[in-house]
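Coordinate inspection notes
Below, each chain spelled out in residue letters.
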Amino acid sequence: MLLILILPVASVKAEDADSIPVYGFKYKSTNWVKQLIENGFRINDPGVNYPKFPRFLLKVYNWGDKTFNSYDNDYVIGTGKNWKLTGKNYNWMESYALFFTNHTNIRMISNPYSDFGAHLGFMALSVGYTFKVNELFGNPKSTRSHYEYGFTCSRLAANVVYTKTSGGVKVTKFGDMELPHSFKFNGVTQKTFSLDAYYFFNNRKYSQAAAYCYSKYQLKSAGSLIAGINYGTQNISLDFTKLPLEMLDRLPGDYSHYNFHYTEYNLTLGYAYNLVLHPKRWLMNVTALPSIGYKHSYEDSTDGKKDMFATTAKVMLGAVFNHRNLFVAMNGRFDGHLHFGNGYTFFNSIESLTVDVGLRF
């Protein structure tokens, strides 16, 4: 079972639903909280009887909204709704590959994992609950955990992702050996953490939230150069001693147990583009975020403690269909990491596919 808290969008524009004054609205209560409930949480209605401190917080919010979440309304507008109820299906898997200098390689892929859940969001805050489908049907193919937190506004976006898995891997290639179909291997464990933060240069005309948070409408096609930072840690163990003896005898490379434990600090420079097929109806997105930087490998790593060159890549593809207050979206993500060792190259990645069905109100 998994509890997820997501911040999908920093704020809602001043012209959006939360800020439209309800002139002449007659409140039944003088309590400001009850008044917000009565008017549908339109926070900028001048008739709301805010005390001093909540009114100060509202002014700070509106300043931040104007500063960090403003758009050119010829290109991007709000949806006019504050609330979102979303059903989510999240599917993901891991891939691993070792490439040796003698032109042999080992490739592995995990079982696909599937999660279902529901999320209720109001403006910048969303809370939800997700359950693991694999365990629901009594077949926990591996021990796994996945947590993700995100924040998006017109100028900035940030994401925090943590995953931990053990077992549930299949060997698809092992040098030149003929393998049985779907050869199972439980010698892989991994724990990863990543933090991404980046800035959209064309933030007046391009909206990442329209493609992945469904809180905006992109009216005209537009793209943006993206720059940011990436911080991550990885601790991945490949224990080939758990393979059958006949495979161990033909194991490429110099080790029977590989451990990749490192922290990396990267600079990101990428590009994103929203293609509007029909305003307020069909939207397609592609986002590419390659990163390069510095990697520090720890003493328990196969190659020992050392400073290294780091390179990663993240690619996102999204499609959104809107019909009035309903939306259906699908997005795929790829997050890959490259590690250059002594006599080998290691590549690992996480691939995911998410399907969202929701209602704005």
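In short, a report on the structure. (Residues numbered from 1 in each chain as written. Predicted model: local features only at pLDDT ≥ 70, side-chain atom pairs only at ≥ 80, totals over all residues. Heavy atoms only, no water.)

Turning next to the overall build of the protein chain. When you go through the protein chain residue by residue, the secondary structure sums to 5 helices and 18 strands. Projected onto its principal axes, the C-alpha coordinates of the protein chain cover approximately 85 × 45 × 40 Å. Going through the 361 residues of the protein chain one by one, you find that 48% of them count as buried. At a minimum sequence separation of 6, the contacts of the protein chain that also span at least 24 residues come to 67%. About 17700 Å² of surface is accessible on the protein chain, with carbon and sulfur atoms providing 63% of the total. Taking the average location of the 37 positive side-chain charges in the protein chain and that of its 27 negative ones, the two points are 12 Å from each other. (Helix = DSSP H or I, 4+ residues; strand = E, 2+ residues; numbered from the N terminus. Buried < 20%, exposed > 50% of the residue type's maximum accessible area, 1.4 Å probe, protein only. Contact = heavy atoms within 4.5 Å. Areas by Shrake-Rupley, 256 points an atom, 1.4 Å probe, with all protein chains shown as cover. Lys, Arg positive; Asp, Glu negative; His and termini not counted. Charge placed at Lys NZ, Arg CZ, Asp CG, Glu CD.)

This part takes up the pairing of strand E13 (residues 222-239). Sheet topology places strand E11 (residues 188-200) next to E13; 13 bridges connect them, and they run antiparallel. Each residue of the ladder has a partner; that of Val188, found in E13, is Leu238. Pairing analysis gives 18 bridges linking E13 to strand E14 (residues 257-278), with the strands arranged antiparallel. The partner of Leu225 across the bridge, within E14, is Tyr271. (Pairing = 2+ DSSP bridges.)

Evaluated as defined, the whole model comprises 5 salt bridges. One salt bridge connects Arg144 with Asp115, and the closest N-O pair in it is separated by 3.0 Å. Placement of the pair is Arg144 in strand E7 (residues 143-152) and Asp115 in strand E5 (residues 113-122), with a sequence separation of 29 residues. A salt bridge links Arg250 to Asp176; its shortest N-O distance comes to 3.0 Å. In this pair, Arg250 is assigned in the loop between helix H5 (245-248) and E14 and Asp176 in the loop between strand E9 (169-174) and strand E10 (183-185), connecting sequence segments 74 residues apart. Note on Arg250: relative accessible area 46%, which makes it partly exposed. (Salt bridge = Lys/Arg side-chain N within 4 Å of Asp/Glu carboxyl O.)

This part covers unusual backbone geometry. A positive phi angle, close to 65°, is found at Lys280, a residue other than glycine. Take Lys280: it is sitting in the loop between E14 and strand E15 (282-297). For Lys280, a relative accessible area of 44% translates into the label partly exposed. In this structure, Arg324 is a non-glycine residue whose phi angle is positive, near 55°.

It is worth spelling out the environment of Asn259 at this point. Its place among the elements puts Asn259 in strand E14. Linking Asn259 and Thr311, residues 52 residues apart in sequence, is a C-alpha distance of 18 Å. Each residue touching Asn259, except ones within four places of it in the same chain, is listed here: Asn235, Ile236, Ser237, Asp300, Ser301 and Thr302. Side-chain polar atoms of Asn259 contact the backbone oxygen of Asp300, separated by 3.1 Å. (Polar contact = N/O pair within 3.5 Å; in protein donor to acceptor, adjacent residues only side chain to side chain.)

Moving on to the nonpolar core. Here is a general trend for soluble globular proteins: nonpolar side chains tend to be buried in one another's company. Ranked by internal contacts, the top residues of the largest apolar core, which has 23 residues, are Leu98, Met108, Leu238, Phe240 and Phe260. Among the secondary structure elements, those contributing two or more residues to this core are strand E3 (83-100), strand E4 (105-110), E9, E10, E13, E14 and strand E18 (344-360). If we ignore the near neighbours within four places in the chain, the residues touching Met108 are Glu94, Ser95, Tyr96, Val169, Lys170, Val171, Thr172, Phe185, Val188, Leu238 and Phe240. Membership of the second largest hydrophobic core comes to 17 residues, among which are Ala210, Leu283, Met316 and Phe327. (Core = buried A, V, L, I, M, F, W, Y, C linked by side-chain atoms within 4.5 Å.)

Attention now goes to the pairing of E7. Bridge count between E7 and strand E8 (residues 156-166): 10 bridges; the pairing is antiparallel. Residue pairing in the sheet places Ser145 in a bridge with Lys164 of E8. Between E7 and E8, which pair antiparallel in sequence order, lie 3 residues.

Okay, the side chain of Gln190 next. Take Gln190: it is sitting in strand E11. What makes Gln190 buried here is its relative accessible area of 4%. At a separation of 3.3 Å, a polar atom in the side chain of Gln190 contacts the side chain of Thr163. Dropping the residues within four chain positions of it, Gln190 is found in contact with Glu94, Tyr96, Thr163, Lys164, Thr165, Asn235 and Ile236.

Turning next to the state of the cysteines. Scanning the model with the defined rule gives 0 disulfides in all. In this structure Cys153 is a free cysteine whose sulfur lies 10 Å from that of Cys213, the closest cysteine sulfur available. (Disulfide = S-S within 2.5 Å.)

Residues spaced three or four apart along an α-helix face the same direction, because each turn holds 3.6 residues. Given a rise of 1.5 Å per residue, 17 residues ought to cover 24 Å, and the 24 Å separating the end C-alpha atoms of helix H2 (residues 52-68) matches this to within 8%. Restricting attention to buried positions, one finds in H2 the residues Pro54, Leu58, Gly64 and Asp65. Angular distribution of buried residues about the axis of H2 spans 130°; they occupy a single face of the element. Away from its buried face, by an angle of more than 90 degrees, H2 presents the exposed residues Lys52, Phe53, Lys59, Trp63 and Lys66. Among the structural elements, helix H1 (32-38) are those in contact with the buried residues of H2. (Expected span 1.5 Å × (residues − 1). Arc of directions from axis to C-beta.)

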